[in-house]
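Coordinate analysis (summary)
In case you want the letters, here they are:
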Amino acid sequence: MSVVFHSNSLSSLKEIAKEMITFSEQNKIFCFYGEMGVGKTTLIKELIKFLGVEEEGSSPTFSIVNEYVSNEGKSIYHFDFYRINSEEEAFDFGYEEYFYSGNYCFIEWPEKIDNLLPDSFVKINIEKQKEARVITLEKVI
Ligand SMILES: Nc1ncnc2c1ncn2[C@@H]1O[C@H](COP(=O)(O)OP(=O)(O)OP(=O)(O)O)[C@@H](O)[C@H]1O
Ligand SMILES: [Mg+2]
């Protein structure tokens, strides 16, 4: 089962984030695919806001994982594996503790750790078509 959203502006992402959480049901691992600059981080920030995080977290630019805490006290993890050189590095920082924590995990560049992904997750593909972004969601089980 998959669903497609069209984003024509940054302001459309708020509603899309809400729909994405509804679509995901119990699944809390989200993998974001799409080329550089397509809008993965931007959409993740919107999801994090929707889940009740008020403060701007520190920029994930130089770290693999950033933790946010919602107003219900729940942790939310944002990963960016772009700079990782091997899956070994993911083991070294203890990715399992995050992936199997039961908290939301939003993952950029999951293709870098393909063998470490859990069996089931929500797969998000973002594509640019002229000025719009086409966001496709699919459940991988
Ligand atoms: N839905 C959207 N509508 C219009 N502009 C967007 C949208 N999503 C992202 N952008 C713009 O695209 C630019 C790049 O976005 P972003 O940093 O989220 O990309 P990314 O996929 O995370 O890139 P990277 O692979 O380098 O991490 C930003 O300037 C952002 O404002
Ligand atoms: Mg990014």
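Heads up: these notes are all about the structure in this document. Computed from a predicted model, the values in this text were never measured in an experiment.

Rules behind the numbers
- Residues numbered from 1 in each chain as written.
- Chains lettered and ligands numbered in written order.
- Predicted model: local features only at pLDDT ≥ 70, side-chain atom pairs only at ≥ 80, totals over all residues.
- Heavy atoms only, no water.
- Core = buried A, V, L, I, M, F, W, Y, C linked by side-chain atoms within 4.5 Å.
- Buried < 20%, exposed > 50% of the residue type's maximum accessible area, 1.4 Å probe, protein only.
- Helix = DSSP H or I, 4+ residues; strand = E, 2+ residues; numbered from the N terminus.
- Contact = heavy atoms within 4.5 Å.
- Near = heavy atom within 4 Å.
- Polar contact = N/O pair within 3.5 Å; in protein donor to acceptor, adjacent residues only side chain to side chain.
- Areas by Shrake-Rupley, 256 points an atom, 1.4 Å probe, with all protein chains shown as cover.
- Nonpolar A, V, L, I, M, F, W, Y, C, P; charged D, E, K, R; others polar.

Here's the deal with the nonpolar core
Counting 25 residues, the largest nonpolar core has Met20, Phe30, Phe32, Leu43, Phe106, Ile124 and Ile135 as the members making the most contacts within it. Put simply, the parts of the chain that give this core at least two residues each are α1 (13-24), β2 (29-33), α2 (40-50), β5 (104-108), β6 (121-129) and β7 (132-140). The element that contributes the greatest number of residues to this core is α1, accounting for six residues. Other than its neighbours up to four places away in sequence, Met20 contacts Phe5, Phe30, Phe32, Leu43, Leu47, Ile124 and Leu137. Among the nonpolar cores identified, the runner-up in size contains 18 residues, and Ile29, Val65, Tyr77 and Ile107 belong to it.

Notes on the site of ligand 1
Taken together, 15 residues lie near ligand 1, and Ser7, Gly37, Lys40, Thr41 and Thr42 sit nearest. Side-chain polar atom of Glu108 to an oxygen atom of ligand 1: 3.1 Å apart, as the coordinates give it. Considered on its own, ligand 1 offers 640 Å² of accessible surface; in the complex 69% of this is hidden by protein. In terms of residue count, α2 provides more of the shell around ligand 1 than any other element does, three residues in total. The residue inventory of the shell around ligand 1, partitioned by class, reads five nonpolar, six polar and four charged.

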